[in-house]
Amino acid sequence: MALSVKLRQVDEYRWEIPREGKMRTRGLIFASQKMLAKIQEDQSLQQVANVATLPGIEGASLAMPDIHWGYGFPIGGVAAFNLEEGVVSPGGVGYDINCGVRLLRTNLERPEVEPRVGELVNALFGNIPSGLGSRRKDLKLTVPTLHEVMRLGAGWAVKNGFGSKEDLDHIEAQGQIPGADPELVSDFAMNRGKDQLGTLGSGNHFVEVGYVLETYDEKAAAALGLFKDQITVIVHTGSRGLGHQVCDDYIKVMLKAAQKYGIELPDRQLCCAPLSSPEGQRYLAAMAAAANFAFANRQMITHWVRESFEQVLQMGPRDLGLELVYDVAHNIAKIEEHQVHGKKKKLCVHRKGATRAFPPGHPETPAAYQKTGQPVLIPGDMGRYSYVLVGTEQALTETFGSTCHGAGREMSRKAALKAARGRSIIQELKAQGIIVKGAGRATVDEEIPEAYKDVETVVAVAHGAGISKKVAKLKPLGVIKG
Amino acid sequence: MKAAAAGGSRKTKYRQLAHTADLGLRIWGATREELFENAGAALTAVLTDRRRLRREKTMEILVEAPDLEALLVAWLNHLLYLYDVDAFLGREFQVLDLSPQRLAARARGETYDPARHVAQTAVKAATYHHLEIANHHGRWQATVILDL
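Residues numbered from 1 in each chain as written. Chains lettered and ligands numbered in written order. Predicted model: local features only at pLDDT ≥ 70, side-chain atom pairs only at ≥ 80, totals over all residues. Heavy atoms only, no water.

> Account for the overall build of chain A, with residues named and values stated.
Broken down by element type, chain A carries 17 helices and 19 strands. At 21 Å, chain A has a C-alpha radius of gyration in line with the 23 Å of a compact globule built from 482 residues. With respect to the three principal axes, the spread of C-alpha positions in chain A is 60 × 50 × 50 Å. In chain A, which comprises 482 residues, the proportion classed as buried is 66%. The long-range fraction of contacts in chain A, counting pairs at least 24 apart against all pairs at least 6 apart in sequence, stands at 77%. Summed over all atoms, the accessible surface of chain A reaches about 16600 Å², with 50% contributed by carbon and sulfur. Within chain A, one finds 58 positive and 54 negative side-chain charges whose respective centroids are separated by 3 Å. (Helix = DSSP H or I, 4+ residues; strand = E, 2+ residues; numbered from the N terminus. Rg over C-alpha atoms; globule rule 2.2 N^0.38 Å. Buried < 20%, exposed > 50% of the residue type's maximum accessible area, 1.4 Å probe, protein only. Contact = heavy atoms within 4.5 Å. Areas by Shrake-Rupley, 256 points an atom, 1.4 Å probe, with all protein chains shown as cover. Lys, Arg positive; Asp, Glu negative; His and termini not counted. Charge placed at Lys NZ, Arg CZ, Asp CG, Glu CD.)

Here you go:
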């Protein structure tokens, strides 16, 4: 259990699990003293230590401040592996490959939109299929088209009239992870994906209309096109059933591969293969295909968000100004160049419930944000607020350019349902000025605000430790849930 | 813990276990076959109210895996696949043939209809984390964590 994991305080925001036993490196956790007590209740610290035993790991086995117990890797975990001896693990990415968040800004201000939020929520709910097993009746993809989606990512959507070239400049990796090979994605996965492009799904996925409550850094906010009281939209979803199937398919491959290459596993869910092996290469190419499907999914949803606003507010695209601020992936493994012992080295960085946070001046930070740093989007629970941050040099040197991804659950879904029993969560949120529409009562109840850590405390650690910088705080007005 | 939690009641088929971000299932059965049948029912019970499902459609299912534990994960993930692709939800499950590497089974249930069925919790996948099948005093018990 977690209690057996040794922990040493480094400073106000950093805690170290010293290298011990089969660990090849130390663990480094970003958290406040107060958060740590909660973290120690479950097995997430043991999971940080387990990841540290994997071959070829560079730097520390890292955990962001929203760390919680996952399966295999902890949620909030970051681990980088060298390409020579290192491994790639589907469990280090997760079932929802390229689950991520995008933020749209508008030219609209809160007073003009607030009275129409109910209508907007209804329009969004009507235009974007959500909920358990949601599918699109109007868009069923053939195998060749699905292959093209998986190769081109968000670019496929733009090519087909769903968005603009400018959108692509404001997406991590321009909405297309290189090296995707759709041939390595099973028929099972494609069957699941064929009518799920442009759907939200269930669980913690949502589309949220909100406004800028506060800005912390005027210059950075202006560079991101954000101002106080401005209406914003957040989209949170991933690769749907297609991604889940790719993960499941390759976990089976990796269970065999781990045996074949003699990799000792503390937990079967950590199964992996050397990055240099055919199994490792094949997973990366299939994962990239699923990640591209997710980028296309968020791009398609964005199109229907724009349409919903046009329908309800009877305004044209230019007046609405629904432009993409940025789109980040928070479940992904990427080949990136980092400094290791003073030398540039290619690494495979796993971010499982963690967001890339590249600094100003980094070649992968988009042109528009070269002076501010890459935008980082941290959604909170549906009753409180979300944050916009930017990446920093400190993140690049300390966490392979990574930071937190959300509030992190504090209560199990079971406990959340129990806490919500006998209450109307929708009415409670309405009283706070937030209109929520969900496909099922359970998905709303499981996502009650108190089931999550206050995202403010998570962001305070990321900001305090310097692995990202606060720019703005957004407050929800209307939410559609799966 | 209640008796059911310890598997004390011989009638208990399954129980949900709390897990911070996800959900655990503990499943019991007098035989390995019954264990797999109950696992199918436990999964459906997470997704919807099983009692409202009619026995309208029958699906024949065949899954293979390197060992019995992996076979349990493969079985549950195949049921999730059927739900994603055909919106099929099984109410009852019957194991036709079971070896540690191969399962042939039949599921009876129907297509999910949002008008009649309750959408509960969505499940992404059954995982290998803390996966365990053991025989306690002649009774089979399995633990599997679902990613939600």
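> So, the environment of Gly-466 of chain A: which residues are in play, and what are the values?
Residues and elements named next belong to chain A. In this structure, Gly-466 sits in the loop between helix 17 (455-465) and strand 19 (469-481). Taking the C-alpha atoms as reference points, Gly-466 and Glu-398, separated by 68 residues in sequence, lie 9.6 Å from one another. Non-local contacts of Gly-466, meaning those with residues more than four positions away in its chain, are made with Thr-392, Gln-394 and Ala-395.

> Quick rundown of the interface of chain A and chain B? Include the residues and the values.
Contact with chain A, which involves 40 residues of that partner, is made by 33 residues of chain B. Summed over both partners, the interface of chain A with chain B comes to about 3300 Å²; 56% of that surface belongs to carbon and sulfur atoms. The largest per-residue losses of area from chain A upon contact with chain B belong to Trp-69, Leu-132 and Arg-268 of chain A, which jointly make up 22% of the total buried on that side. Joining chain A to chain B, the criterion identifies three salt bridges. Two residues, Arg-268 of chain A and Asp-67 of chain B, come together in a salt bridge whose shortest N-O distance is 3.0 Å. Seen at the junction of chain A and chain B, the total is 17 residue pairs in polar contact (both at pLDDT 80 or more). (Buried area = accessible area lost by both parts, 1.4 Å probe. Salt bridge = Lys/Arg side-chain N within 4 Å of Asp/Glu carboxyl O. Polar contact = N/O pair within 3.5 Å; in protein donor to acceptor, adjacent residues only side chain to side chain.)

> Describe in detail the pairing of strand 7 (residues 132-136) of chain B, supporting the description with residues and values.
Residue and element names in this part refer to chain B. As paired strands, strand 7 and strand 8 (residues 139-147) are joined by five bridges and run antiparallel to one another. Within the sheet, the bridge partner assigned to Asn-135 lies in strand 8 and is Trp-140. Taking the residues that link successive antiparallel strands as the turn, the strand 7-strand 8 hairpin has two residues, and the phi of His-137 there is positive, at about 50°. (Pairing = 2+ DSSP bridges.)

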